[in-house]
Each structure stands twice: as structure tokens, then as C-alpha cells.
There are 2 protein chains.
Amino acid sequence: MEFHDLTRKLQRENDTKIVMLVSDGIGGLPLTPGGKTELETANTPNLDALATRGTLGLSTPVLPGITPGSGPGHLGLYGYDPLQYNIGRGVLEALGVDFELGPDDVAIRGNFCSLDEQGKISDRRAGRIACEIGSKLCDKLATIKIPGVEVFVRHVKEYRLVIVFRAAGLGGDLEDTDPQRTGVAPLEPVAMNEQAQPTVKVAQEFLSQAREILIDDYPANFLTLRGVAKMPEIPTYNEVYGLRAGAVAVYPMYRGLARLVSMDVLDAGQTLDDQCSRLEASWNDYDFFFVHFKYTDSTGEDGNFDAKVKRIEELDAAIPRIMALNPDVMIVTGDHSTPAKMKSHSWHPVPTLIASDVCRTDACTTFGEASCLQGGLGHFPAKYLMSLAMANAGRFEKYGA
Amino acid sequence: MEFHDLTRKLQRENDTKIVMLVSDGIGGLPLTPGGKTELETANTPNLDALATRGTLGLSTPVLPGITPGSGPGHLGLYGYDPLQYNIGRGVLEALGVDFELGPDDVAIRGNFCSLDEQGKISDRRAGRIACEIGSKLCDKLATIKIPGVEVFVRHVKEYRLVIVFRAAGLGGDLEDTDPQRTGVAPLEPVAMNEQAQPTVKVAQEFLSQAREILIDDYPANFLTLRGVAKMPEIPTYNEVYGLRAGAVAVYPMYRGLARLVSMDVLDAGQTLDDQCSRLEASWNDYDFFFVHFKYTDSTGEDGNFDAKVKRIEELDAAIPRIMALNPDVMIVTGDHSTPAKMKSHSWHPVPTLIASDVCRTDACTTFGEASCLQGGLGHFPAKYLMSLAMANAGRFEKYGA
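Rules used in this analysis
What you see as residue numbers is a count from 1 along each chain, following the sequence as written. For this description, chains carry letters from A and ligands carry numbers from 1, given in the order in which they are written. Reporting of local features is limited, given that this is a predicted model, to residues whose pLDDT is at least 70; pairs of side-chain atoms are given and counted only at 80 or more, and all residues count toward the totals for whole chains, interfaces and linings. For the purposes of this entry, the term helix denotes a DSSP run of H or I that reaches at least four residues, the term strand denotes a run of E that reaches at least two, and both are numbered from the N terminus. With C-beta atoms placed from the backbone, a residue counts as buried when 20 or more other C-beta atoms lie within 10 Å of its own, as exposed when 12 or fewer do, and as partly exposed for counts between those limits. Here, residues touch in the contact sense if the C-beta positions derived from the backbone fall within 7 Å of one another. The axes are straight lines fitted to the C-alpha atoms, using for helices just the contacting stretch, and the angles between their N-to-C directions are given from 0 to 180°. Working rule for angles: under 35 degrees goes down as roughly parallel, over 145 as roughly antiparallel, 65 to 115 as roughly perpendicular, anything else as oblique. All amino acids are sorted into three groups, where Ala, Val, Leu, Ile, Met, Phe, Trp, Tyr, Cys and Pro are nonpolar, Asp, Glu, Lys and Arg are charged, and the leftover types, Gly among them, are polar. Note that domain bounds follow an automatic or database assignment of domains. A least-squares fit on C-alpha atoms brings the copies together, and the residues used are those whose pLDDT is at least 70 in both copies. For the purposes of this analysis, a nonpolar core is taken to be any set of buried Ala, Val, Leu, Ile, Met, Phe, Trp, Tyr and Cys residues that are connected through C-beta atoms within 7 Å. Any two strands with at least two DSSP-identified bridges between them are counted as paired. Crossing handedness is read from the near helix: turned anticlockwise from the far helix by less than a right angle, it gives a left-handed crossing, and turned clockwise, a right-handed one. pLDDT measures how confident the predictor is about each residue, on a scale from 0 to 100.

Turning to the overall build of chain A, a few remarks are in order. The number of helices and strands found in chain A is 14 helices and 13 strands. Taken over the C-alpha atoms alone, chain A extends approximately 70 × 50 × 40 Å along its principal axes. Out of the 401 residues belonging to chain A, those deemed buried represent 53%.

Here it is in C-alpha cells:
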């Protein structure tokens, strides 16, 4: 039986509340062997109290040794096998600018580039043009009309943009037109299969008009198309878990990922305080809340150990406000590790905490990597975190008699 | 997505070096409950130092409770699911005598046997004839000519031999001709499927000529055919990991297993010292080194606890020479456990150590079973050891954006 067939079959209604607080990239590494990680360095009295009354473990986002991007990382937390569902780069980029993708949409990441007089690429990033310029050029491209197709153009930043073609019958599997090197012309759009043939025509027409429009805009006098993709077909959260789920995320990318599994995306404001207020205001409207905290990842990516520690302490300070709502199941985890030492996402297992009245408490009294290694959940694949959440919420029937 | 499709997709080049030191059958058992295992009894200052700066765990070769032979044990370490790829007994036997099997070869384990006057088997092992006799009889069998087929005969030891038929279009799925009991005639070769029909004819011809040749050689006046098999189709190491891999193994079987996944088999000499010298001499030629140490298994099989302890100490003494090469990722593990107490391979999880600059150090300061149980890698399937190696070497891209 498929995992989600099981969850469909076993789910039952009750009035419990589950909060999944995702501290992006929370897992880390000590700067020197045997030292403390960011999480272990941080002063976290509230998380430690939760750890004491909860149970800890280490979740593996994809497989041992595999470092996930944000897409696979979150799919895992939502209980979807990240190797079964693939989120294309264009889709992720569109989600990242809050574009509401539909099932007929083909999403594409665009890069402005520089063409020389022979039409060959001289700079694949158009001299990293300023945001204002990129934004204006996107407005110009947004005037492109293609019969039978809705065309959307959104600026992302600098030389990066998102293009969406909306029409029934457009396949998503197109090769990149970026040749990945300079001194050659951009590639022509090529379909990977029959369904993508109509998309080739649309892309050709788009590029042909774009060439005219951008002709005087050197160094951004053309663009390449990358990561062409449609939304993956993912069963909805409500269907597989029977949960009314609300997402409270400040950054567009994470709102988009929540939308991908059909969570309601709530207005999260700009700060963790705003997010807590939203949680309070929406408490009666949902069974499950996905709350996303970005800054443990971004400080890790910056390689700033101390800043990551501070962000973890900031997160810790928000815990009492969340716990005041008295969630039946409180989860604290991350979508992956982002050790400041590596300045990047990593494959290391992710510290995870579940607190409920029926969790099997372990001996752990602090929330940290070494502590989680001794925790009651052991090592487990992230895709099973949701079934643990459901179980702790009493939202699963017994399997079999 | 299949595991190796993932590794194909994510692999990236860099100039790191990985050493996987496989101490065959290293895992053990205490002689009395609560006592120390062989590894825990051994004095291993160098392995303990590695354990302190590395991360430990216990690997499961196949599945919990499943005791692997050398074939599945090593396939797991190489990152291939041992339940997906099956190495036939004939193939393993051929690899064990350093026979270089090709894709058109059908490999067979032969047993000399004794036939009585009615042609019934009176001894399935031909009175365990001496090696010299077995060897001479193999020379006689090697004169067999079959039109259109190259025939190879190699002595293994005592009554055991290997036969290889080489010709295009020979299927490998033949039933054993050994009836597994005495007092009955050997069975006729029978094909399990259509592709093996031509092989039946070849086997019949071989056995018919062998009967003539051996007629006066009682107690070894005939032979049975067992474990008929072709090489499994296994994607190459280089393809799935992008690694130039060299195998440094003294025993033919392990050279053969390395050859099965297309590692280069290097001249390893006869001793651990020789192996270290080979490692030093070939250091610049490869990205990955599989170094095999046999004697922790053979002493375990002998039931000689103390001898196994000594062999572990011998291995420990070689560590500084390997570490002087400064590998980016150093792995110490085994293909399975071989507790002296059981005098056999066992299913018990295998002590495993990974040391790199980006491993998440744990609290362990010794290398042993109890210590590994507290280690940062937890329990993990051996087939993921290679993805952990690749990750620690920085040789994987992020999965998804």
C-alpha cells in the first residue's frame, strides 16, 4: 500500500491542533571537531523545556548523504517522498515571486544575457544588471502577446525573471536554451517529448518578440530560458491527512511550497511576531499550521555562526507565545541543515522535536544535535514526520484489526 | 527516482580522495553476555583517534537479521542494493580464482564426485581428494573441446573447480546437476528458460567428454555442475559515482568483486604493508580506494577470538600510514560481522566510521560496537555508505532547488 493510501484510509477527525515550526536550515556543525553546533551554542530555555516534555530525533530529508534544496526539503516535511515528486526550477522560481501557478501553466526561469554583434552570448548574466533595470525590462517583455496563450513576466532580481505561459495542452518538458557558456548563440527551444511540441512554438514566438523588444537594451539585449516545468501533480494535504492546513510564512518561496500541496496561505506579515499574531488570529480556522522561519538558513548560508545562534535565540523567544495557544502537538524541525561552517545546505540529519501528551518522553532535556541523537525518535526519514504528527494528534485509526 | 539515477545526476568532480578500508567480518560478539567484542578488546589507539574526530554508526549489510555472503556484503558497501543485484555462486567462484569473466561467459562451480558401478553418486565430494589430484584432473578436463565455445577449467581446491563456457548467446539459468544426495545418478542439465537451452547442449557435451576423461580417476570419476550463472548487469562505479576507483585487495575474491563494478584492480602484494605501499604509489591516479583486509574474517571463522583481536590491532597499526596520505574522507567498516563466538558470518550490524572535515562529530572516542551504537550515523543500510562518502567528499550537488 502506498503511504498516502494508508494516510487516506486511517485519517480521522478530531479537534486537535498541530503546529509544525520549521526553522529553515536549523541543523549545523561545530566549527571544530567535538565543539558545539549553532543550536547547541544558543541559549534556548524554551526549546529545552519543550525537549524535556517532548521526544527528540534526527530526520533525514531525502536519503543519507543527499543534500536537499528547499523544495525537496519541504516536501519531505509535508510527508511527500521528495524522490517521487519533483519540483522543477521554473516552478520553484515562480513560487518564489508569489505567482499563483495553475495546472495549465508552464513556468520558466529566465536569465537576461548579453549578445554580441554576431548574436553570440558574451555574458550569461547581462553584467548583473541592477534590479531597477531588470524590473523595467520585464515590464517591456510583459507586453508580448501570443495568440491563444496568456503570457506572464515577473522580475525576480538583477538579471533573473520568471516567465509563465498559460494555455491548455502545453507540455512542460523543454530543454534549457542557455548553452552554459559564452561565445556561442543561445540554443533553440527543444521539446523532450511530444506533449512539449506546442510549447516549443510558444517559446520560439516569445523569444522572437523578445529579441525585437530588447534590441537596444545591451547589456541585457536578450534572455535565455531555463528550468522549464509544470506543477507536479501532488495530492492535496487535506485529502491525504484530512487536515485544514494554514501556512504562515514570510518568504514567497515557502508560501509557494505550501500552496503546492494546497495549504491555505495566510498573511504572515514580516516578522516572527507578526507570524505569532497570525497564528493567534487564525487559531480556530485550521487544524494544522506550518510556520516557517527563514533566518536560521540565511545566516548559515552567510557562514555567520554567531548570527545563526542569535536567530535561534530569537526563535526560542517566540516559543512561549505559540505554546500559550496550547497546541496538542508541537513540532520543531528544519527542512535540512545549513551549517555556517559549510555556508550551504547540507545532508546532515535535522534536529527534530515533537511534544504532545502522548509522546514517549526520553531522557533529553536540551534541544541540540547531540541530544537529538539520544532521543526517542532515533533517526527517521523526514517523510514520516507527518504520520508521527497525526498519531500524536490522535488523528489516525488503527491499521488493520 | 532510483538511487543510482540520483547519484548519476548529483555527482560532481573535485580533487578529493576517499579511502574505504574494509576489515572483513570486523563486527563481533562478546564471548559472555555483557563482555567486550573483539573490536572492543583490541588496543586500537589509531582507530580511536579517528573515531574521536569522525562520526560512527552501525551499518546493516542487507536487512536486519540477514547474514550476507561476501558478494552481497561488498555490493552493499559499494552502494548497490544486494537484493537487487544477485551474484551467482559460479560467478563468485570464478572471481575467487581471479578469472576475468566477460559478458558472454557462463560460470559454473564444479564438484568432483564418485560414481559407483551403476553410475550412482557414492560420494558428492569425491573423498575430498588432495589439491594436487584435483589440480591434475582439472588439467585433463581443460583439454575438452566444444565447437563454437571456448571452455575454461580452473581448479579451486580439493574437489572444487570452476568451469567457464564462453560463447555469444549462452543463457545462464541452468539447474544444478548435483542431486544433493548419494545413491542416485547426477541430474541432467536442465534449462530454466529459453535462453539457457543452448547452454544445456554445451553442458551435456562437456559432461559427456568429462565422463570419458575421468573414467579411470575414481574416487573423482565424474563431476556435478552447480551455481551456473552469468555476470549480473551492474552499472559501473565510475558511471554511478563519477569516481576513478582502485581496489587494493590481496585475495582474488575481493579483487573480483571490485572488478564486477568496474573498479581498477591494483597489484596489492601480499601484506597490509604492501597494500599501503600500493596506496601511496597510486595515490594520484584514483579518487577512491577500496582497501580490503581479510584476516578479521578468517580468524572469526576459525572461532579464534584472540587471533581476531590481534588482527584488528595489526589493522590499527596501518592507520597512520594511510592517514599520512591525508584522505579527505576516511571510512573504516566491514562487509558483515564474523563473531568468533559463532565461527561464521552473522547478521549483526557492522561498526562503521567516517572521518572528514565536514562530518558531524559525535561524543564517541573509541571504535567499537557499543560506541558505534551512540554514534552520529545511527543505524543505516550499508548501501547508503557510498552516498555518505560522496557527501563528505563534497562530490554531490544539492538535490532540487
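Next comes the rest of the description.
Opposite the 21 residues of chain B that make contact, chain A presents 29 residues. Contributions of two or more residues to the side of chain B that touches chain A are made by strand S13 (378–381) and helix H14 (385–392) of chain B. With 4 residues, the top contributor of residues to the side of chain B that touches chain A is H14 of chain B.

Residue and element names in this part refer to chain B. As a packed pair, helix H3 (residues 45–53) and helix H12 (residues 305–323) sit with axes 7 Å apart at the nearest point and diverge in direction by 60°. With respect to each other, H3 and H12 are oriented oblique. Counting all contacts with H3, which are made through Pro-45, Asn-46, Leu-47 and Leu-50, the residues of H12 involved are Asp-316, Ile-319 and Pro-320. Here the contact of H3 with H12 is composed, by residue class, of 5 nonpolar, 1 polar and 1 charged.

Another point: the domain arrangement of chain A. Residues and elements named next belong to chain A. Examined at the domain level, chain A breaks down into domain 1 (3–86 + 234–392) and domain 2 (91–229). For domain 1 versus domain 2, the distance between C-alpha centres works out to 35 Å. Counting residues at the interface gives 7 residues for domain 1 and 5 residues for domain 2. When residues in the side of domain 1 that touches domain 2 are grouped by element, the largest group, 6 residues, is from helix H9 (residues 252–260).

Glancing now at the relation of the copies chain B and chain A. Between chain B and chain A, the superposition needs a rotation of 124° and an axial shift of 0.1 Å, giving an RMSD of 0.2 Å. With respect to symmetry, the two chain copies, as superposed, fit the operation of a three-fold axis.

A word on the nonpolar core. Ranked by internal contacts, the top residues of the largest apolar core, which has 124 residues, are Met-20, Phe-290, Ile-331 and Ala-389 of chain B. Setting aside its immediate chain neighbours within four residues, Met-20 of chain B contacts Leu-77, Phe-289, Phe-290, Val-291, Ile-331 and Ala-389 of chain B. In this structure, Ala-42, Val-149, Val-228 and Ala-382 of chain A belong to the second largest nonpolar core, which totals 116 residues.

Residue and element names in this part refer to chain A. The strand order across the open sheet built from 8 strands is S9-S8-S10-S1-S11-S12-S2-S13, with neighbouring strands paired in mixed fashion. Among the strands making up the open sheet, the edge pair consists of strand S9 (264–265) and strand S13 (378–381). As paired strands, strand S8 (residues 245–249) and strand S10 (residues 288–293) are joined by 5 bridges and run parallel to one another. Directly across from Val-248, in S10, lies its bridge partner Val-291. Against the sheet, helix H14 (residues 385–392) engages strand S1 (18–23), strand S2 (55–60), strand S11 (329–333) and strand S12 (350–355), with an angle of about 160° to S11.

Another aspect to go through is the sheet that holds strand S1 (residues 18–23) of chain B. Paired through their backbone hydrogen bonds, the strands of a sheet run either parallel or antiparallel. What the 8 strands build is an open sheet, ordered S9-S8-S10-S1-S11-S12-S2-S13 (chain B); its pairing is mixed. In this open sheet, the two strands that pair with only one neighbour each are strand S9 (264–265) and S13 of chain B.

What follows covers helix H4 (residues 70–77) of chain A. For an α-helix, 3.6 residues make a turn, and residues three or four places apart therefore share a direction. All names here are of chain A. Of all 8 residues in H4, 8 are buried; the element is thus mostly enclosed. Among all positions in H4, only Ser-70, Gly-71, Pro-72, Gly-73, His-74, Leu-75, Gly-76 and Leu-77 are buried. The inward-facing, buried residues of H4 abut S1, helix H5 (89–96), H9, S11 and H14. With its phi angle positive at about 95°, Gly-79 sits one or two positions after the end of H4.

Moving on, we come to unusual backbone geometry. Trans peptide bonds make up the majority, and among non-glycine residues the majority have a negative phi. Residues and elements named next belong to chain A. In this model, Tyr-218 is joined to Pro-219 through a cis peptide bond whose omega is 10°. Relative to the elements of secondary structure, Pro-219 occurs in the loop between helix H7 (197–213) and strand S7 (222–229). For Asn-326, which is not glycine, the phi torsion reads 65° and is therefore positive. Note that Asn-326 resides in the loop between helix H12 (305–323) and S11.

Our next topic: the environment of Asn-304 of chain B. Residues and elements named next belong to chain B. Mapped onto the secondary structure, Asn-304 falls in the loop between helix H11 (295–301) and H12. When the 16 C-beta atoms within 10 Å are taken as the criterion, Asn-304 is described as partly exposed. Put simply, Asn-304 and Glu-38 are 266 residues apart on the chain and 9.8 Å apart in space, counted from C-alpha to C-alpha. If we ignore the near neighbours within four places in the chain, the residues touching Asn-304 are Thr-299 and Ala-340.

Residue and element names in this part refer to chain B. Close contact between helix H10 (residues 272–282) and H12 brings their axes to 10 Å; oriented N to C, the two are set at 20°. Between H10 and H12, the crossing angle belongs to the class labelled roughly parallel. Crossing hand, H10 versus H12: right-handed. Residues Leu-272, Cys-276 and Leu-279 of H10 form the contact with H12, whose own contacting residues are Glu-314, Ala-318, Arg-321 and Ile-322. Residues belonging to the contact of H10 with H12 are distributed by class as follows: 5 nonpolar, no polar and 2 charged.

For the rest of this paragraph, the subject is the environment of Arg-109 of chain B. With respect to the element layout, Arg-109 of chain B can be found in strand S3 (residues 105–115). Residues Arg-109 of chain B and Leu-161 of chain B lie 52 residues apart in sequence; the distance between their C-alpha atoms is 6.0 Å.

Here we come to the pairing of S10 of chain A. Residues and elements named next belong to chain A. Across the 6 residues that make up S10, a large majority, 6, are buried. The alternating pattern of S10 places Phe-288, Phe-290 and His-292 and Phe-289, Val-291 and Phe-293 on opposite faces, both of which are buried. Bridge count between S1 and S10: 6 bridges; the pairing is parallel. Residue pairing for S10: Leu-21 is matched across the bridge by Val-291.

A few words on the confidence of the model for chain A. This prediction gives chain A a mean pLDDT of 96; 100% of its residues lie at or above 70. Among the scores for the predicted complex, ipTM is 0.91 and pTM is 0.92.

Residue placement: Thr-177 of chain B occurs in the loop between strand S6 (160–166) and helix H7 (197–213). Those residues in contact with Thr-177 of chain B, other than ones at most four positions away along the chain, are Pro-186, Leu-187, Glu-188, Pro-189, Thr-224 and Leu-225 of chain B.

Moving on: H9 of chain A. Residues and elements named next belong to chain A. In terms of residue burial, H9 counts as a mostly covered element, since 8 of its 9 residues are buried. Of all the residues in H9, the buried ones are Met-253, Tyr-254, Arg-255, Gly-256, Leu-257, Ala-258, Arg-259 and Leu-260. In this structure, the buried side of H9 is in contact with H4, H5, S8, S9 and S10.

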